[in-house]
Amino acid sequence: MKRDFISVADCDRPALQRYLTVAEELKLAYLAGRPDHSLSGQSVAMIFEKPSLRTRLSFEAGVTQLGGHAIYLTKADIGLGQREPVKDVARVLSGMVQCIVARTFSHEAVTDLAHWASVPVINALTDYSHPCQAMADLMTVQEIFGRLDGLTMAFIGDGNNVARSLAVACGRFSMPFRLAAPPGHELDAAFIERFARDCPGADFAQTADAAEAVRDAHVIYTDTWVSMGQEAEKAQRLATFKDYQVNAGLLKAAPADAVVMHCLPAYRGNEITDDVIESKQSVVFRQAENRLHFQKGLLKALLCE
Ligand code: CP
Ligand code: NVA
């Protein structure tokens, strides 16, 4: 039976742990110069409706390093759901490639692809979630602290796609999760209800007070205030979120050894200041690098195990 990777919540802890373990093994092999061509002869279609640096690069370079071939398909190339229906694209691709990676606006486009495709489908970000980001980030946290259990992550800013995936990933690995957001931008009631079912007993809290959220944090995380597709709301969002910047003042309210994370791209002067992103506490480029290794681990586990 094919396995997809659409949401962290679809996977139990052992499955997620397996992806992390294969990723760590592949990272060690890569750094030691030992090739792994597990995807030899396999092709991966990558549908991108939105821009990307890290996600496209990590999948494309990752597939190449594993001996396979990745094909980048933009919205202009295939017009997913416009030039032809998602269900037709899914079945055509299933006849030609061994895996589909998709970054779309609507989350339903990715779940529909997964429904109709007979090959694994990987969510490379939708308006709703960004599971590859969240799992690569846990890989980074594990490397830095040597464990995940009991570490507190504080997410400052918008209750967005990245926040949703991180909340569930933290829930799966017994990591307390705090979200500080302006009223109206927290994770909504429908998410909270689903989260309570997906991660029973998880330590999760939301507040409007950023200083309160970071008080016991091991990891302070932020993301853009204006996600892809929200450009028309930019001016209003910059005003709404102005008190939720990760800056030197906020770090004073946190433990001195907390690390700062950002999925990138970062908008310096908005959600994070230049001095903080360039500081010793920042691990943002290690995070970005681990996107490569997590993606490779995920691909190898889904396609070869
Ligand atoms: N963090 C992340 O997904 O970056 P890209 O949008 O550049 O892929
Ligand atoms: N929340 C951001 C993440 C970018 C990687 C967005 O969706 O644009």
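What you see is a predicted model, and the numbers here were worked out from it, not measured in a lab. (Residues numbered from 1 in each chain as written. Chains lettered and ligands numbered in written order. Predicted model: local features only at pLDDT ≥ 70, side-chain atom pairs only at ≥ 80, totals over all residues. Heavy atoms only, no water.)

**Re the packing of helix H4 (residues 86-94) against helix H5 (residues 107-116)**
Put simply, the rule is: Each axis is a line fitted through C-alpha atoms, and for a helix only the stretch in contact is used; angles between axes span 0 to 180 degrees, taken between their N-to-C directions. Here a helix means four or more residues in a row that DSSP labels H or I, a strand means two or more in a row labelled E, and each is numbered from the N terminus. Our angle categories are set so that under 35 degrees counts as roughly parallel, over 145 as roughly antiparallel, 65 to 115 as roughly perpendicular, and the remainder as oblique. Crossing chirality is assigned from the near helix's rotation relative to the far helix, an anticlockwise turn below a right angle marking it left-handed and a clockwise turn marking it right-handed. By the convention used here, residues are in contact when the closest approach between their heavy atoms is within 4.5 Å. Under the scheme applied, nonpolar residues are Ala, Val, Leu, Ile, Met, Phe, Trp, Tyr, Cys and Pro; charged residues are Asp, Glu, Lys and Arg; polar residues are all the others, including Gly.
It is the contact of H4 with H5, at a shortest axis distance of 8 Å, that shows an interaxial angle of 50°. Our classification of the angle between H4 and H5 gives oblique. Two packed elements cross with a definite hand, and for H4 against H5 that hand is right-handed. Each of Val86, Lys87, Ala90 and Arg91 in H4 lies in contact with H5, whose residues at this interface are Ala109, Asp112, Leu113 and Trp116. When grouped by side-chain class, the residues that make up the contact of H4 with H5 number five nonpolar, no polar and three charged.

**Quick word on the sheet that holds strand E9 (residues 259-262)**
To keep it simple, the criterion reads: Paired strands are those between which DSSP finds at least two bridges.
In space, the five strands of this open sheet follow the order E7-E6-E5-E8-E9, with parallel pairing throughout. On the outer flanks of this sheet lie strand E7 (204-207) and E9, each paired with one strand and no other. In this sheet, neighbouring strand axes are inclined to one another by 20° on average, regardless of whether the strands run parallel or antiparallel. Sheet analysis places strand E8 (residues 219-222) next to E9, joined by four bridges and oriented parallel. Note on E9: the bridge partner recorded for Thr222 is His262. Where helix H13 (residues 284-304) meets the sheet, its contacts fall on E8 and E9, and the angle it forms with E9 comes to roughly 50°.

**Some words on the sheet that holds strand E1 (residues 43-48)**
Reading across from one edge, E2-E1-E3-E4 is the order of the four strands in this open sheet, with parallel pairing throughout. Either end of the sheet is taken by a strand with one partner, and the two such strands are strand E2 (69-74) and strand E4 (121-123). Direction aside, the axes of adjacent strands within the sheet are offset by 20° on average. In terms of strand pairing, E1 meets E2 through six bridges, oriented parallel. Within the sheet, the bridge partner assigned to Ala45 lies in E2 and is Ile71.

**So, the site of ligand 2**
To keep it simple, the criterion reads: To be near a molecule or strand, a residue needs just one of its heavy atoms within 4 Å of it. Counting of polar contacts relies on pairs of N or O atoms within 3.5 Å, with two restrictions inside protein: one atom must be capable of donating a hydrogen and the other of accepting it, and residues adjacent in sequence are counted only when both atoms are side-chain atoms.
Surveying the vicinity of ligand 2 reveals the residues Leu125, Asn160, Asn161, Val162, Asp223, Thr224, Ser227, Met228 and Leu264. Within the side chain of Asn160, a nitrogen or oxygen atom sits 3.3 Å from a nitrogen atom of ligand 2. One nitrogen or oxygen atom from the side chain of Ser227 is found 2.7 Å from a nitrogen atom belonging to ligand 2.

**Observations regarding the nonpolar core**
Let me state the cut-off plainly: The term nonpolar core refers to a set of buried residues drawn from Ala, Val, Leu, Ile, Met, Phe, Trp, Tyr and Cys, joined through side-chain atoms within 4.5 Å. Note on exposure labels: buried denotes an accessible area under 20% of the residue type's maximum, exposed denotes more than 50%, and partly exposed covers the range between, all computed with a 1.4 Å probe on protein chains only.
With 61 residues, the main nonpolar core has Phe5, Tyr19, Ile122, Phe177, Phe294 and Leu299 as its most contacted residues. Within the second largest apolar cluster, 21 residues are counted, among which are Ala210, Ala213, Ala258 and Ile272.

**Comments concerning the side chain of Thr55**
Positionally, Thr55 belongs in helix H2 (residues 54-65). On the basis of relative accessible area, Thr55 is assigned to the buried category, the value being 2%. Excluding residues that lie within four positions of it along the chain, Thr55 makes contacts with Phe48, Arg103, Ala124, His130 and Arg291.

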